[in-house]
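# Tertiary structure, described
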Amino acid sequence: MKKSYFYKLKEKFRIKKIDSEQPSGTWIFVITLNIIGLLGFLVLKFYGINLSN
């Protein structure tokens, strides 16, 4: 049972090959937008700006 559990866990976290039919420009846009959002969050934290009530 332990072997099958670890095998399933390993398969779940295995990096899969990217489908060549997916547009790479879209992925670059999404990753860039996430990086900009993270940088914005860090800047707000640095200056002590709190957006919650």
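Above this text is the structure in question.
The notes below deal with the structure included here. (Residues numbered from 1 in each chain as written. Predicted model: local features only at pLDDT ≥ 70, side-chain atom pairs only at ≥ 80, totals over all residues. Heavy atoms only, no water.)

### Points about the overall build of the protein
The following threshold applies: Helix numbers and strand numbers start at the N terminus; a helix is a DSSP run of H or I with at least 4 residues, a strand a run of E with at least 2. The globule rule is 2.2 Å times the number of residues to the power 0.38, and the radius of gyration it is compared with is taken over C-alpha atoms. With a 1.4 Å probe rolled over the protein chains alone, any residue whose accessible area is under 20% of its type maximum counts as buried; one over 50% counts as exposed, and the rest are partly exposed. Reported accessibility uses the Shrake-Rupley method at a 1.4 Å probe radius. Residues are deemed covered only where the shown protein chains occlude them.
Helices and strands together make up the secondary structure of the protein, namely two helices and zero strands. Here the C-alpha atoms of the protein give a radius of gyration of 19 Å, more than 25% beyond the 10 Å that 2.2 N^0.38 yields for 53 residues. Viewed in the frame of its principal axes, the protein has a C-alpha envelope of about 50 × 35 × 20 Å. Buried positions account for 0% of the 53 residues belonging to the protein. When the accessible surface of the protein is split by element, carbon and sulfur atoms take 68% of a total near 5800 Å².

### Some points on the packing of aromatic side chains
The condition is simple: Only centres within 6.5 Å qualify two rings of Phe, Tyr or Trp (six-membered ring in Trp) as a pair; their planes then separate them into stacked at under 30 degrees, edge-to-face at over 60, and tilted for everything else.
In the structure shown here, the tally under the stated rule is two aromatic pairs. An angle of 70° between the planes, with centres 5.5 Å apart, marks the rings of Tyr 5 and Phe 6 as edge-to-face.

### Description of the pattern of salt bridges
Quick note on the threshold: Should a side-chain nitrogen of Lys or Arg be within 4 Å of a carboxyl oxygen of Asp or Glu, the pair is scored as a salt bridge.
For the structure shown, the criterion picks out one salt bridge. Ionic pairing is found between Glu 11 and Arg 14, a salt bridge with its closest N-O pair at 3.3 Å. By relative accessible area, which is 26% here, Glu 11 ends up partly exposed. We classify Arg 14 as partly exposed; its relative accessible area is 46%.

What is shown is where atoms sit, not what they do.
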